[in-house]
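Summary of the model geometry
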Amino acid sequence: MGVRTCESRCLFSGSKGEVCCIEPLHAKTELRDHPITQYSLLAMASLTKILVIGLKPSLKVWMTFPYGRMDPSSVPLLAWHFVAVQNSVNPMLAFCRGDVVHFLLVKRDDSGAIHVTKQKQLHLHYDLINFTWMNSRTVVLLDSVEKLHVIDRQTQEELETIEISEVQLVYNSSHFKSLATGGNVSQALALVGEKACYQSISSCGSQIFYLGTKSVHVMTLRSWRERVDHLLKQECLTEALALAWSFYEGKAKAVVGLSGDVGKRKAVIADRMVEILLHYTDRTLKKCPDQGKIQVMEQHFQDMVPVIVEYCLLLQRTDLLFSQVYDKMSENSVAKGVFLECLEPYILSGKLIGMTAQVMKDLLLHFQDRNLLENMEACIVHMDITSLDIQQVVLLCWENHLYDAMIYVYNSGMNDFLSPMERLFKVIAPPLSAGKSLTDEQVVMGNKLLVYISCCLAGRAYPLGDIPEDLVPLVKNQVFEFLIRLHSAEASTDEEVYPYVRTLLHFDTREFLNVLALTFEDFKNDKQAVEYQQRIVDILLKVMVENSDFTPSQVGCLFTFLARQLAKPNNTLFVNRTLFDQVLEFLCSPDDDSRHSERQQVLLELLQAGGIVQFEENRLIQMAEKAEFYQICEFMYEREHHYDRIIDCYLRDPVRKEDVFNYIHNILSIPGYSAEEKHSVWQKALEHMEELLLLSPSKAADLITTHFNDQLEGIINNLQVTSAGQPPGVLFMPLHPFGSLQGRWCTWLSSPTVPIHPGDLDVHRQDQFLLFQFLRSLLDPREGINQDLIHVSPCITEQFIELLCHYSPDQVLEMLQVLEFYRLEETIQTTQKHQLHEASSYLLEKKGDVHGAFLVMLEQLQSKLLVLTQEDENSTQSDSVKDIEATLLKTIALCQRNSHNLNQQQREALWFPLLEAMMSPQKLSGSSASCRYSEHLKNLTMQVLNNMAAFIALPSILQRILQDPVYGKGKLGEIQGLVLGMLDTFNYEQTLLETTTNLLNHDLHWSLCNLRASVTRGLTPKQDYCCICLQQYKRRQETSDEIIVFSCGHLYHSLCLLSKECGLETQGLMRWTCYKCNSSNKAGKLCESFSELKKGSSTSLAQASSESALDPQQIQAFDQLCRLYRGTSRLALLTELSRSRGGERPGPLSVSQGDSALSSVFQNENFQLHLAPPPFTEE
């Protein structure tokens, strides 16, 4: 007892390791005659490789396959199975160790040699301990945590996973470890034995036996019928139908129990699906909620009925659908309605083209009751005509105006193609003959009629499909004969001839002619086709030309159609040319001003369609000029390459005047035109330059700078002469006779001067304003013109500024800031002449006369203050205070901009007069206006004090105030508010300065603490080998070799770093640099650091008392720390808020130096500084 008696024998041992698994190739009875069975193949798996050995006729190794790198505790697995690949059955060996399964296909060639080819691998995410074939497509895998995985081999899809830990599988660990013989096996084999269970799992057919510690378990795949029944027991009918259909299509996996040919298998599955569908139908009716809203019942059937319809149509069992299923659904009215509505998408998609007469009748009645007329019409035109009750359908179509369905029934059911047209003509012809407008329904009917005629003449069925080929010629002849009838069947005595053609022409002339054009293209050149074409053309001419009830557009459409037909190379039509002349006279009639654009467009389309060959060109141009058809003239001039005359066409055309600029630009820019043609256009544009300027000064300026830059000075000079009352020079020539413009620039007088009469004053002002608009478009950079292309003298720019002072004085200052080429002295005189003080101040400041600019602004401020103090008590408060404030802010900004470059005496010369100007109105205590505005004036004076305190010392300001004769006699109460305000500002800024100093000290302390913690912490290497030589850091015991570890985690030998020149000795200390981190992109920084170290300079942020700098390793750690804690600096934030003035020493009342005094946060009333006392700490 207690002694192991199991004996074990090593089958294969030696330097190559033990064999863990042996798997012979077994063949089923039907495969005993397979040619490969005579070799008695045997697969063996050792711990390092797979061997395939043939035992017969002699021992031979056919294949050796090494594993490669994998988990040493994984179990080698082998399994044979015969599979069908490329229409042949051959054995396939599956072997694995770990999580990858390899498939090897074994074949025998004609010479008797065996070839092994690798197939697709199976990659898993778990470790395998067993592999079993269920059939040629399905395998069962057992992983190391005792989970079964059913896998489809071809798609590698996992079909099911089962937990079998309750089996308590028996493992073969004791045998592999050879415990009975004292453990005389290798450690590798003993390690594999932990998961080995070869003798505990066995397969036979489609069953797998698992040996547990207390019982034996059998696993097998369910047959297809069992799988379906299992879903049915769980009341999963929809899933059961889907599974059965996958069996029917052959797409299911792990299929068991289906054999034989495809037809028999489908028949068996179809019978089972029919049973399920009938059961599904009964269950649908049985599970219907008896009580509740009708919407609940409809929703129930909408969820269930479409499944039944879908699978009946997939199985092509319409007999079952419209017999047993429909009979059962008819028992419930709601179910019946849902069933009928479910048929619609299948009818429209063509999956259902026929049904029983009773179902079709019920379907139409259901759609009619639910007022789903469009759905009913769509279903009718998709159904087989034999399924329809023609009498019922025709009656329904006429009652409900379903014209598409009616046409379909007449055409398909009775081969009658004319009756639908007759009925449609009867509806739309009367209102068209009476000249009435059609209703929307009648318009729809007319459009359907045109499409129907087009389909019939093209051999297409309406609304879909094709007319049978044997009926196509007959249908075409019938439709043509019908259209060209002299009178209708029930014609009245006053009916005009050709009523059908006349009706279609009145309804839509263009579309009817398009239908005829398409029909003519399909006609073959046989005698009958030619006769039909000529006959229909003669009828069209007779109907439209001999009647005056057609518009010019309609007549033009007819002749455009004729021109296109006549222009074809194989044309056989004949049209009298005099008719085209009559149409030309009709369209170009100068006495008829109505429909001018319509008549011009019609004639243009006629010419573009090839009708130009029917006219004499000179006569056509003359008539177009008389009718003012400028687009026609352009068309003709372009044919003759007279591009310069087209400019006159654009200028005379009120609709297209603006397009002349694009036309001139295109002709002069686009290649493809000759030099003579471009020159003629250039000359013509120059002649019409005044018209172009009057039309659009901005576009004319753009055109001039692009193509007339050399003539720019001359054009401006002529504009100046004209605006001054002088005649233009020789630059502008007379217009072409076609233009006949009566303009002042078309006359060239030899007299040097012409006096301006009083009647010409308005013209003179217009010329001046035109010159101003042109110069503004030309010189203003904001207009979009490239200023680099413009080269004008300063006189022109100064003239533009003077015109701007006259027409837009508010824009002068803004324009002066963007303009460049003007003389300061002349411009200053101009602005002073027009009393533009701000512009004059700007120019004086630009000139360098800061004091003069200040005096101009001060004078303007004093004048506005004087007006304010002289207002009486009854006057209402106007915008004078706002004007004073705006002027004061501009004056303060002027002083701030220039105080940096002035000495103390010059600053006082600016600021003290400004302060005196603001305080002087407050001294007039007797003035009523001063009392009313005293608060406003005090606030403005406070602004001056706050801003000047940044440049003038506070004692100087107080001394200047106290030295004032008014305040020096004890009247300090009046300036008490000003002094207290200055003191409050001082206290506020003193608190702000102290708080800022504390914040900066705290930031510096925090940075130094983090730096110290970073450079003094222990280092942990990322690996235990040198990053240069890749050897262990304890490779040799050399006294001179040290281990260098950097903060980045890289480890090196000191000798290796020296070999890479990463170490430098300075002042007796070695400076090391990480080779990996600084080898490429940081090479430049490394060189700079070493050069600085060689010079003895230190760039460290923190230096010790012994003058030792940070070594490169510490610098690297500090850079890493800075990147880690990178964020918005408090110092940067405060600097942005205060906008420090650089090297200027701030005074006790220092403020920001922005462009405006209000830009400072200290002058913003909404700015608040949230201060808090420092935290209390116990020492």
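Just above sits the structure.
This section reports on the structure supplied with the text. (Residues numbered from 1 in each chain as written. Predicted model: local features only at pLDDT ≥ 70, side-chain atom pairs only at ≥ 80, totals over all residues. Heavy atoms only, no water.)

1. Section: the overall build of the chain
Under the convention used in this document: Numbering of helices and strands runs from the N terminus, with a helix taken as a DSSP run of H or I at least four residues long and a strand as a DSSP run of E at least two residues long. Contact definition: two residues touch when any of their heavy atoms are within 4.5 Å. Reported accessibility uses the Shrake-Rupley method at a 1.4 Å probe radius. Residues are deemed covered only where the shown protein chains occlude them.
Secondary structure assignment for the chain yields 45 helices and 20 strands. Counting only contacts in the chain whose residues sit at least 6 apart along the sequence, the fraction spanning at least 24 positions is 57%. Of the accessible surface of the chain, which amounts to about 63,400 Å², a share of 51% is contributed by carbon and sulfur atoms.

2. Brief notes about the sheet that holds strand β4 (residues 60–66)
The test is simple: Only strands that DSSP links by at least two bridges are regarded as paired with each other. Note on definitions: angles span 0 to 180 degrees between N-to-C directions of axes, and those axes are lines fitted to C-alpha atoms, for helices only across the stretch in contact.
Strand order in the open sheet formed by four strands is β1-β2-β3-β4, with antiparallel pairing between adjacent strands. Both edges of this open sheet fall to β1 (19–24) and β4, since each of them pairs with a single strand only. With strand direction ignored, the average angle separating the axes of adjacent strands in the sheet is 15 degrees. Of the pairings in the sheet, the one linking β1 to strand β2 (residues 41–46) comprises five bridges and is antiparallel in character.

3. Quick look at the nonpolar core
Under the convention used in this document: The term nonpolar core refers to a set of buried residues drawn from Ala, Val, Leu, Ile, Met, Phe, Trp, Tyr and Cys, joined through side-chain atoms within 4.5 Å. Classification of residues uses two cut-offs on accessible area relative to the type maximum, computed with a 1.4 Å probe and protein chains only: under 20% is buried, over 50% is exposed, and between them is partly exposed.
One finds Phe 339, Leu 343, Met 355, Phe 559, Leu 603, Phe 774 and Leu 914 to be the most contacted residues of the largest nonpolar core, which totals 246 residues. Residue contributions to this core peak at 10 residues, all from helix α6 (residues 294–314). In this view, Phe 559 contacts Leu 541, Val 545, Leu 579, Phe 580, Val 583 and Leu 606; residues no more than four positions away in its chain are not counted. Of all hydrophobic cores here, the second largest spans 49 residues; its members include Leu 25, Val 52, Phe 82 and Leu 189.

4. Overview of the pairing of strand β7 (residues 100–108)
Across the nine residues of β7, seven count as buried, placing the element largely inside the fold. Sheet analysis places strand β6 (residues 88–96) next to β7, joined by five bridges and oriented antiparallel. Bridge pairing in β7 places Met 92 opposite Leu 105. Turn length for the β6-β7 hairpin, with the two strands adjacent in sequence and antiparallel, is three residues, and the turn residue Gly 98 shows positive phi of about 110 degrees. Where β7 meets strand β9 (residues 122–123), two bridges bridge the pair, whose relative direction is antiparallel. Residue Val 100 lies in a different strand from β9, and its bridge partner there is His 123. When β7 meets strand β8 (residues 114–118), the two strands line up antiparallel, connected through five bridges. By the bridge assignment, Val 106 is partnered in β8 with Val 116. Hairpin connection of β7 to β8: five residues between the antiparallel strands, including Gly 112 at a positive phi of 95 degrees.

5. So, the pattern of salt bridges
Opposite charge on two side chains permits them to pair, given that their charged atoms come into close proximity. Stated precisely, the cut-off is as follows: The salt bridge criterion pairs a side-chain nitrogen of Lys or Arg with a carboxyl oxygen of Asp or Glu, the two atoms within 4 Å.
On inspection of all chains with the given rule, the structure shows 28 salt bridges. When the shortest N-O distance is used, the salt bridge between Lys 251 and Glu 249 registers 4.0 Å. Given the relative accessible area of 41%, Glu 249 is considered partly exposed. The salt bridge partner of Glu 341 is Arg 370, with a shortest N-O separation of 2.8 Å. Note that Glu 341 is positioned in helix α8 (residues 333–348) and Arg 370 in the loop between α9 (357–369) and α10 (373–382), a separation of 29 residues in sequence. For Glu 341, a relative accessible area of 25% puts it in the partly exposed group. On the accessibility criterion, Arg 370 (44% relative accessible area) is partly exposed.

6. Details of helix α21 (residues 596–608)
Our working definition: Expected helix span is given by 1.5 Å per residue-to-residue step, counting one fewer step than there are residues.
The end-to-end C-alpha distance of α21, which contains 13 residues, comes to 18 Å, matching closely the 18 Å that a straight helix rising 1.5 Å per residue would cover. Of the residues making up α21, those classed as buried are Arg 599, Gln 600, Val 602, Leu 603, Leu 604, Leu 606 and Leu 607. Where the residues of α21 are buried, they touch α19 (552–566), α20 (577–587), α22 (617–626) and α23 (630–639). Phi for Gly 610, located one or two positions after α21, is positive at around 110 degrees.

7. A closer look at the sheet that holds strand β12 (residues 147–152)
Sheet strands line up and pair through hydrogen bonds in the backbone, either parallel or antiparallel. Pairing within the open sheet is antiparallel, and its four strands lie in the order β10-β11-β12-β13. Two strands in the sheet have a free side with no partner beyond their single neighbour: β10 (128–133) and β13 (157–163). Across this sheet, the average inter-strand angle for adjacent strands is 20 degrees, counted without regard to direction. Pairing analysis gives five bridges linking strand β11 (residues 138–143) to β12, with the strands arranged antiparallel. Residue pairing in the sheet places Thr 138 in a bridge with Asp 152 of β12.

8. Topic: the packing of aromatic side chains
Describing an aromatic ring pair means giving the distance of the ring centres and the angle of the ring planes. What counts here: Stacked, tilted and edge-to-face pairs are distinguished by plane angle, under 30 degrees for stacked and over 60 for edge-to-face with tilted covering the rest, among Phe, Tyr and Trp rings (Trp via its six-membered ring) whose centres lie within 6.5 Å. Distance and angle both matter: a charge sits over a ring if NZ of Lys or CZ of Arg is within 6 Å of the ring centre and within 35 degrees of the ring normal.
Applying the stated criterion across every chain yields a total of 20 aromatic pairs. Through a chain of ring-to-ring contacts, three or more aromatic side chains come together here, namely Phe 103, Phe 131 and Trp 133. Above the plane of the ring of Tyr 650 lies Arg 656, whose end atom (NZ or CZ) is 4.5 Å from the centre.

9. Regarding the packing of helix α24 (residues 643–652) against helix α25 (residues 660–669)
Filter applied, for reference: Should an angle lie under 35 degrees it is considered roughly parallel, over 145 roughly antiparallel, and from 65 to 115 roughly perpendicular; all remaining angles are considered oblique. Crossings are sorted by hand: turned counterclockwise from the far helix by less than a right angle, the near helix makes the crossing left-handed, and turned clockwise it makes it right-handed.
Across the interface, α24 lies against α25 with an axial gap of 10 Å and an inter-helix angle of 165 degrees. Between α24 and α25, the angle is such that the two are roughly antiparallel. Classified by chirality, the crossing of α25 by α24 is left-handed. Contact residues: α24 offers Tyr 643, Ile 646, Ile 647, Tyr 650 and Leu 651, while α25 offers Val 660, Tyr 663, Ile 664 and Ile 667.

10. Details of a nonpolar patch on the surface
So the rule is basically this: Note that patches include only residues with greater than 30% relative accessible area and no salt bridge, and the join distances are 9 Å for like charges and 5 Å for nonpolar side chains (Val, Leu, Ile, Met, Phe, Trp, Tyr).
Taken together, the side chains of Leu 1055, Leu 1058 and Met 1070 make up a nonpolar region of the molecular surface, amounting to roughly 220 Å² of accessible area. Of note, Leu 1058 is situated in helix α42 (residues 1054–1059).

11. With respect to unusual backbone geometry
Here the residue pair Lys 56 and Pro 57 is connected by a cis peptide bond, since its omega of -10 degrees sits within 30 degrees of zero. When you line up the elements, Pro 57 lands in the loop between β3 (49–54) and β4. With phi around 60 degrees, Glu 235 is a residue other than glycine that occupies positive phi space. Among the structural elements, Glu 235 can be located in the loop between α3 (224–233) and α4 (237–249). Its identity as a non-glycine residue notwithstanding, His 401 has a phi of 60 degrees, on the positive side.

12. Observations regarding the environment of Lys 426
Locating Lys 426 in the fold gives a position in helix α13 (residues 419–433). Residue classification places Lys 426 among the exposed residues on the basis of a relative accessible area of 52%. Along the backbone, Lys 426 and Tyr 500 are 74 residues apart, and their C-alpha atoms lie at a distance of 10.0 Å.

13. Focus: the pairing of β3
With five of six residues buried, β3 lies mostly within the body of the structure. The pairing of β2 with β3 spans five bridges and is classified as antiparallel. Residue Leu 41 lies in a different strand from β3, and its bridge partner there is Gly 54. Here β2 folds back onto β3 in antiparallel fashion, the turn holding two residues.

14. Thoughts on the side chain of His 149
Basically, it comes down to this: Definition of a polar contact: a pair of N or O atoms within 3.5 Å, with one able to donate and the other able to accept a hydrogen when the atoms are protein atoms, and with sequence-neighbouring residues admitted only if both atoms are side-chain atoms.
Residue position: His 149 is located in strand β12. Looking at His 149, the relative accessible area reads 5%, which means it is buried. At a separation of 2.9 Å, a polar atom in the side chain of His 149 contacts the side chain of Asp 143. At 3.1 Å, the side chain of His 149 and the side chain of Glu 158 are in polar contact. Non-local contacts of His 149, meaning those with residues more than four positions away in its chain, are made with Tyr 126, Val 139, Val 140, Leu 141, Asp 143, Glu 158, Glu 160 and Thr 161.

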